[in-house]
Amino acid sequence: QVQLVESGGGLVQPGGSLRLSCTASGSIFRLNSANWYRQAPGKEREWVARITSNGSTNYADSVKGRFTISRDNAKNTVYLQMNSLKPEDTAVYYCLVEVLMSDYSRRDYWGQGTQVTVSS
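Below is a summary of the structure that appears in this document. In this text, all values refer to a predicted model and were calculated from it rather than measured experimentally. (Residues numbered from 1 in each chain as written. Predicted model: local features only at pLDDT ≥ 70, side-chain atom pairs only at ≥ 80, totals over all residues. Heavy atoms only, no water.)

Moving on, we come to unusual backbone geometry. Phi at Asn76 takes a positive value of approximately 50°, unusual for a residue other than glycine. You can see Asn76 is positioned in the loop between β7 (67–72) and β8 (77–82). One non-glycine residue, Ser84, lies in positive phi territory at about 50°. Among the structural elements, Ser84 can be located in the loop between β8 and β9 (91–101). The partly exposed category is assigned to Ser84, whose relative accessible area is 40%. (Helix = DSSP H or I, 4+ residues; strand = E, 2+ residues; numbered from the N terminus. Buried < 20%, exposed > 50% of the residue type's maximum accessible area, 1.4 Å probe, protein only.)

Spelled out as structure tokens, the structure:
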């Protein structure tokens, strides 16, 4: 019923920037809270950032001051602006979105992941 499509990943040099997008489509009434996670090979999935339905945000200490999570409710899209990227930011990034469905049920959906590689 819901499709979550991520985009914006790629290869960037240290100090560079990327903006990730996570767009939901389908039988959606609205997006509630949304999160970004990341996972490097051989490591556990790590929480990165969260935004609530009213726009309140939280960040992992490792990205605070460098990353910004935002949302565009009209587009059912969540963004992660990543600045001052470091090699240790290299990972597959996943969005996790709580969706209020058209039938008023709540469901969590994961994006397919997008690779971010920070390397010179």
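And the narrative resumes.
Now for the state of the cysteines. Counted by the stated rule, this structure contains one disulfide. Across the disulfide, Cys22 is cross-linked to Cys95 (sulfur-sulfur distance 2.0 Å). Judged by the sign of its S-S torsion, about 65°, the bond between Cys22 and Cys95 is right-handed. A residue pair is termed long-range when its members are at least 10 positions apart, and Cys22 in strand β3 (residues 18–26) and Cys95 in strand β9 qualify at 73 residues. Residue classification places Cys22 among the buried positions, given a relative accessible area of 1%. (Disulfide = S-S within 2.5 Å.)

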